[in-house]
Amino acid sequence: MPVLNVCDLHKSYGDLRAVDGVSFSIEAGEIFGLLGPNGAGKSTTINIIATLLVPDRGEVRLDGIARSSSAAYKRKLGYVPQEISLAEKLTARENLMLVGRLYDLSGTALRRRVAETLDAVGLADRAGDLVKTFSGGMKRRLNIAGSLLHEPDLMLMDEPTAGVDPQARAYIFEIVERLAEGGRSILYTTHYMEEAQRLCRRTAIIDHGRILASGTLAELVAGIKAKRDLVIEAEGLSAQTTADLAAALGGVPWMMDGATAHLNIADTDHKLLDVVRAADKAGIEPTTISIHEPNLETVFLELTGRALRD
Amino acid sequence: MRSIRIILCLAGKHLRILSRMRAILAVMLLPGIVLYTVFTFIFAGPAGTVRPFRVAVVDLDDTPQSHQLIDALSKGNVVVIRTEDETPDGKPLTVESARHFIRKKGKFRVALVIPEGYSKAPNTLSGRHHHGVELHHDETQAMEADVVAGLLQMAAGRSLFENIRPTRSLPGSRDGPTDADSAGGQNTLIKIHKQGVAIDRVQIAAKHTFLAGIVPMFLLFSCTGAARGLLDELSSGEIRRLLAAPILPAHILLGQQISAVIMALVQCYVLYIFAWLVFGVTIWNITGGLFVLTFATCLATTSFGMLMASLCRTGEQLDGIGTTVILAMSAVGGSMVPRFIMPPFMQKLGLFTINGWAYDGFIALFRNEGFAGIAPICLVLVLIAAACDIVGSILLARRLRAGPGN
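Rules and cut-offs
- Residues numbered from 1 in each chain as written.
- Chains lettered and ligands numbered in written order.
- Predicted model: local features only at pLDDT ≥ 70, side-chain atom pairs only at ≥ 80, totals over all residues.
- Heavy atoms only, no water.
- Salt bridge = Lys/Arg side-chain N within 4 Å of Asp/Glu carboxyl O.
- Helix = DSSP H or I, 4+ residues; strand = E, 2+ residues; numbered from the N terminus.
- Buried < 20%, exposed > 50% of the residue type's maximum accessible area, 1.4 Å probe, protein only.
- Pairing = 2+ DSSP bridges.
- Contact = heavy atoms within 4.5 Å.
- Axes fitted to C-alpha atoms, helices over the stretch in contact; angles between N-to-C directions.
- Phe/Tyr/Trp six-rings, centres within 6.5 Å; stacked < 30°, edge-to-face > 60°.
- Lys NZ or Arg CZ within 6 Å of the ring centre and 35° of its normal.
- Buried area = accessible area lost by both parts, 1.4 Å probe.
- Nonpolar A, V, L, I, M, F, W, Y, C, P; charged D, E, K, R; others polar.
- pLDDT = per-residue confidence, 0-100.

Draft legend 1. Quick peek at the pattern of salt bridges. Inspection of the entire model under this criterion finds 25 salt bridges over all chains. A salt bridge links A:Arg57 to A:Asp8; the nearest nitrogen and oxygen atoms lie 3.4 Å apart. With A:Arg57 in strand 4 (residues 57-62) and A:Asp8 in strand 1 (residues 4-13), this pair connects stretches of sequence that are 49 residues apart. Assessed through its relative accessible area of 48%, A:Arg57 is described here as partly exposed. A salt bridge links A:Arg113 to A:Glu116, with the shortest nitrogen-to-oxygen separation between them at 2.9 Å. Within this pair, A:Arg113 and its partner A:Glu116 are both found in helix 4 (residues 107-120), separated by three residues, close to a single helical turn. Looking at A:Arg113, the relative accessible area reads 12%, which means it is buried. If you follow the salt bridges from partner to partner, you end up with A:Arg75, A:Asp104, B:Arg2 and B:Arg5 in one network.

Below, the structure written as structure tokens:
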């Protein structure tokens with residue numbers, strides 16, 4: 001039985017459909033990714049599940065309990081917001097003590113849980129320091145700790161690595177993986193393909209409030225036409241010359257990433273020699289050409305016709 | 001019970017944060033002291049008084065001449081004449097009732113008694129024996145009685161010029177009055193017999209009046225700081241995160257408010273002690289009433305602050321709208337100009353403000369009216385607080401439901 005069941009969720013802001021018929025479910029101990037660009041509807045979906053927003057229609061069930069503001073429902077949830085929502089003039093320990101009291105923890109049990117949680121996120125040695133003295137990565141870890149304290153069944157992590165350096169990001173990945181190994185279910189939103197690919201067993205690709213595809217990486221790749229990611233680097237590469245190249249290859253989806261062009265090609269359709277000829281025809285003098293296995297970015301590009309970062 | 005625990009827990013967080021902002025704490029305490037000192041010195045100096053000219057008139061003569069004097073006195077809006085008491089029946093004032101009102105109630109500080117026979121010799125130029133008029137006054141307010149006496153001389157002058165005959169001499173001429181004038185000086189038109197009335201109530205000096213006015217204004221400004229804190233927490237997402245826990249928006253609002261009330265109480269008592277030490281304001285004989293009234297005022301002002309935070313989208317909006325509304329309420333409610341010298345319409349308008357009610361409460365307290373005098377006022381202030389809290393909670397909940405960025 002799934003821990004979380006989301007069915008046909010809708011939410012509009014005026015004419016804007018932020019969430020448009022979103023459905024998915026998460027199993028116990030699973031990290032489920034919601035991958036999409038900014039404004040795709042990831043945070044709105046999470047905020048609805050966290051009871052911070054009211055959906056226009058649709059159903060959410062957590063361990064069989066219908067979504068409501070009831071304490072029984074909220075105690076099963078741990079919410080890690082996108083913003084660093086900590087009291088900067090309190091210490092790490094004081095921040096967690098406050099959150100713990102809101103979940104009715106007290107006395108020795110509270111102090112023990114605070115110590116355990118600080119240890120779990122690697123901040124035990126900074127427990128007595130004011131949050132304002134922390135680095136961005138440490139604040140992010142404390143942000144996660146705040147949602148762990150009451151040992152929820154499901155954690156909602158809304159872009160928990162936003163704005164942190166690669167080292168801090170790797171630390172957060174470890175924390176998330178440990179949580180899942182401990183049997184906790186996690187709904188993880190991100191617009192970084194690498195994060196979803198590394199952490200999530202299953203991923204739903206969301207854009208304009210709709211889930212375009214969902215499944216494991218293998219299932220997602222199997223569902224698209226493109227089987228290869230053709231990467232071309234060339235001097236003076238422009239959107240126009242890349243578009244010409246894509247047209248010469250039969251109108252394949254493409255995207256630019258700085259001076260690099262990515263084209264989704266089906267391996268059976270094109271041989272490398274065809275690519276070189278087409279590049280020459282488009283006036284491109286490649287410095288490097290490489291062909292990669294498809295990934296979530298390839299899937300997103302094919303499904304939406306644009307890059308995740310667009 | 002759980003709600004109270006949650007609210008106190010959130011209040012504790014705010015107080016802890018405030019306790020770590022020592023520089024801001026000092027800044028929070030200073031404005032009230034500075035404002036109070038400046039206002040008191042500007043208008044009166046440490047021991048001075050600012051008085052209204054509400055004059056009770058008992059016209060025992062009841063003739064055209066006496067009416068003319070009363071009309072002349074009331075011209076120019078400097079003096080407000082009352083000929084009836086302020087009971088619902090509005091009985092005509094007698095000498096006894098006028099003195100009673102001066103002694104007990106403080107409704108009037110000066111009463112003019114025009115004796116029977118006044119019209120036979122209305123002034124010192126009448127050429128017959130001039131009896132003059134009586135001026136009964138609060139004996140602690142001799143200066144106010146002098147001012148009214150001066151106004152009476154002017155009124156008598158106006159009456160005279162309206163009836164002047166070409167053959168009549170002007171004051172100060174060789175054919176001037178023969179009667180000595182008890183109000184002082186030889187060149188007076190009307191003889192005034194002053195009679196002090198020993199009062200039962202405490203003297204309300206400017207130092208009390210301005211304390212009554214400054215406290216609510218200072219608290220309102222101070223509470224916009226707490227409101228700004230709420231807005232900051234809203235924009236930082238801290239409140240959204242808290243609401244993912246099993247708590248309600250009302251808990252957050254009340255938690256913030258309780259900490260603001262405690263801070264406001266501290267600020268008030270620092271100001272009271274300053275007023276006691278520097279200006280000699282008596283606070284130790286009214287400690288119970290002072291605490292109750294201060295608490296009610298703090299509740300009302302902090303609730304108003306929370307309502308403003310729920311209404312405004314940004315800190316800039318709060319600063320702009322908050323300052324305008326608070327200044328307007330303070331002006332109308334007696335924080336800048338004492339309410340008793342305002343025209344009746346403005347005095348009534350003042351009752352639509354927190355400042356107005358708080359002001360009346362403090363004045364009642366300083367007049368030793370006790371709990372009975374302030375109970376209805378405290379009730380109104382608590383009701384204002386409840387109304388602001390309910391509306392604020394609804395607005396905050398609606399705003400949070402509308403989603404981030406709202």
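Draft legend 2. Layout of the sheet that holds strand 4 of chain A. Residue and element names in this part refer to chain A. Here we have four strands laid out as an open sheet, ordered 2-1-4-5, and antiparallel in their pairing. Each edge of the open sheet carries a strand with a single partner, namely strand 2 (16-26) and strand 5 (65-66). In terms of strand pairing, strand 4 meets strand 5 through two bridges, oriented antiparallel. Pairing of Leu-62 across the sheet is with Ile-65, part of strand 5. Relative to strand 1, helix 1 (residues 42-49) is tilted by about 115°, and along the sheet it contacts strand 1, strand 2 and strand 4.

Draft legend 3. Quick look at the packing of aromatic side chains. Scanning the entire structure with this criterion turns up six aromatic pairs over all chains. Their ring planes at 70° and their centres at 6.3 Å tell us that B:Phe274 and B:Phe279 sit as a pair that is edge-to-face. When its relative accessible area of 5% is taken as the criterion, B:Phe279 is described as buried. The rings of B:Tyr269, B:Tyr272 and B:Phe362 are connected pair by pair, giving a single aromatic cluster. The side chain of A:Arg141 reaches across the aromatic face of A:Tyr171, ending 4.1 Å from its centre.

Draft legend 4. Inspection of unusual backbone geometry at higher detail. Residue and element names in this part refer to chain A. Backbone geometry at Glu-159 places phi at a positive 45°, although glycine is not the residue there. Inspection of the secondary structure assignment puts Glu-159 in the loop between strand 7 (154-158) and helix 6 (166-181). Owing to a relative accessible area of 6%, Glu-159 belongs among the buried residues under this scheme. Of note in the backbone geometry, His-208 takes a positive phi value of approximately 50° without being a glycine.

Draft legend 5. Looking closely at the interface of chain A and chain B. Every contact between the two is made by 31 residues of chain A and, on the other side, 26 residues of chain B. Buried surface at the junction of chain A and chain B, summed over both partners, amounts to about 2400 Å²; 62% is from carbon and sulfur atoms. Among the residues chain A hides against chain B, the three largest losses belong to A:Leu52, A:Lys89 and A:Leu102. Together they make up 26% of the total. For the interface between chain A and chain B, the tally reads four salt bridges. Among the ionic pairs, B:Arg20 bridges to A:Glu94, the shortest N-O distance being 2.7 Å. Elements that contribute at least two residues to the side of chain A that touches chain B include exactly strand 1, helix 2 (71-74), helix 3 (92-102) and helix 5 (136-148) of chain A. No other element matches the four residues that helix 3 of chain A contributes to the side of chain A that touches chain B. Split by residue class, the side of chain A that touches chain B holds 16 nonpolar, seven polar and eight charged.

Draft legend 6. Representation of the confidence of the model for chain B in the model. Residues and elements named next belong to chain B. Summary statistics for chain B give a mean pLDDT of 79 and a share of 82% for residues scoring 70 or more. Per-element confidence in chain B is highest for helix 9 (residues 287-311), whose mean pLDDT is 92, and lowest for helix 2 (residues 22-43), whose mean pLDDT is 71. Contacts for the low-pLDDT stretch residues 46-51, under 50 throughout, to residues beyond four places or in other chains number 22 contacts. Counted against residues more than four places away or in other chains, residues 165-186, with its pLDDT under 50, gives 29 contacts. Of the two predicted TM-score estimates for the complex, the pTM is 0.68 and the ipTM is 0.80.

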